[in-house]
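For reference, the chains in residue letters:
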Amino acid sequence: MRVLEPLDVQGFFWLQAKPDEEIPGRLTVSGSGDISLRLLGIFDGGLSVKSDELPIILGVTERGKHVTLANCFYKNKSLRFPGIPVVDIYASLLLIGSHFANEDDLIFSKARFHIEGLDQWLGLTGISAKCDFEKQEAEITYKRPKQIDHQLDNGFTLSIQFNWSAPLGIGIGNISKATITQKAVLCLETPNFRKFSELVDYVRQINNLLCLALDEPVALTSVHVSRPDIVEDTGGKKRPIEIEVYYPSLP
């Protein structure tokens, strides 16, 4: 996974079984998707830890985001006498947007993701432009391409969707610059919940297909998952929360 904007946030973290024992820490995600958590303290309220493996770690960041770290283990333990113990923890999976009590809860019905080179491979755009240099005139218009759906044999629907953005405040004040952007994303959706590991395996296969189609190694740049029962209330309307996912992977 290639993280275009590496993450570096502070927050409080705890184990699911001991929600009252919050420990301050710093959560980072590197450009290659490696997830690290540095804590100013050690779980279980002591300095003796029998195993380097840890259950799921929950937390809340300084930005108010709920985070879940899975498949965790200690990388380093600096136990100072006197002083505050500092521990480094590695996680193979980070989910931002909701808390999950255990790995059995990591089931979803939808995965939305972007792969490098997807827009170039598709060759589809809703942006059109006209320029007349003699009249010193230019016109740019946009019409979003229609979503492309394909039913897969494994019960999933694979969709190609088109996200787009335009400058806010059009028509207000003097405009000296206007930009329209379009970005194609892929979406895997199924009526039944599937394990996260199963979703990731299908995403990996599609990633490999794009590597073959483009004849070069390309990486995932973003992954989001969701399911109908994890929702947020926006203006009186409930909609599924798109949970941001990070994990280390190679093209």
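For the structure itself, look to the data block above.
Residues numbered from 1 in each chain as written. Predicted model: local features only at pLDDT ≥ 70, side-chain atom pairs only at ≥ 80, totals over all residues. Heavy atoms only, no water.

**Looking at the side chain of D88**
No. 1: With respect to the helices and strands, the residue D88 is situated in strand β7 (residues 86-96).
No. 2: Sequence-distant contacts of D88, that is, excluding residues within four places in its chain, are made with L37, R38, F73, Y74, K75 and N76. (Helix = DSSP H or I, 4+ residues; strand = E, 2+ residues; numbered from the N terminus. Contact = heavy atoms within 4.5 Å.)

**Considerations on the pairing of β7**
No. 1: With ten of eleven residues buried, β7 is to be regarded as a mostly interior element.
No. 2: The pairing of strand β3 (residues 35-40) with β7 spans six bridges and is antiparallel. The residue of β7 that forms the bridge with L40 is V86.
No. 3: For strand β6 (residues 66-78) and β7, the ladder comprises ten bridges, and the chain directions are antiparallel. Paired with S78 across the two strands is V86, which belongs to β7.
No. 4: Relative to strand β17 (residues 243-246), β7 runs antiparallel, the two being bridged by three bridges. From the neighbouring strand, L95 faces β17, where its bridge partner is V245. (Buried < 20%, exposed > 50% of the residue type's maximum accessible area, 1.4 Å probe, protein only. Pairing = 2+ DSSP bridges.)

**Regarding empty space enclosed by the protein**
No. 1: According to the stated counting rule, one finds one cavity of 30 Å³ or more in the structure shown.
No. 2: Each pocket or cavity is described by its volume, and for the largest cavity that value is around 30 Å³.
No. 3: Residue lining of the largest cavity: A111, F196, L199, V200, V203, V223, V225 and Y247, and that is the complete set.
No. 4: Secondary-structure elements contributing two or more residues to the lining of the largest cavity are α2 (196-214) and β14 (220-226). (1 Å grid on protein atoms, 1.4 Å probe; cavity = no way out; pocket = protein on both sides within 12 Å on 5 of 7 lines; lining within 4 Å. Points joined across faces, edges and corners; volume = space filled by probe spheres on them.)

**Focus on the packing of aromatic side chains**
No. 1: By the definition in use, this model includes six aromatic pairs.
No. 2: For the ring pair F156 and Y202, a centre distance of 5.1 Å and an interplane angle of 70° mean the geometry is edge-to-face. Residue F156 is found in the loop between β11 (148-151) and β12 (157-165), and its partner Y202 is found in helix α2; the two are separated by 46 residues along the sequence.
No. 3: Residue class for F156 comes out buried when judged on its relative accessible area of 0%.
No. 4: The class of Y202 is buried, set by a relative accessible area of 19%.
No. 5: On the numbers, 6.3 Å between centres and 85° between planes, the contact of F196 with Y247 is edge-to-face. Of this pair, F196 sits in helix α2 while Y247 sits in the segment after β17; the two residues are 51 residues apart in sequence, bridging distant segments of the chain. (Phe/Tyr/Trp six-rings, centres within 6.5 Å; stacked < 30°, edge-to-face > 60°.)

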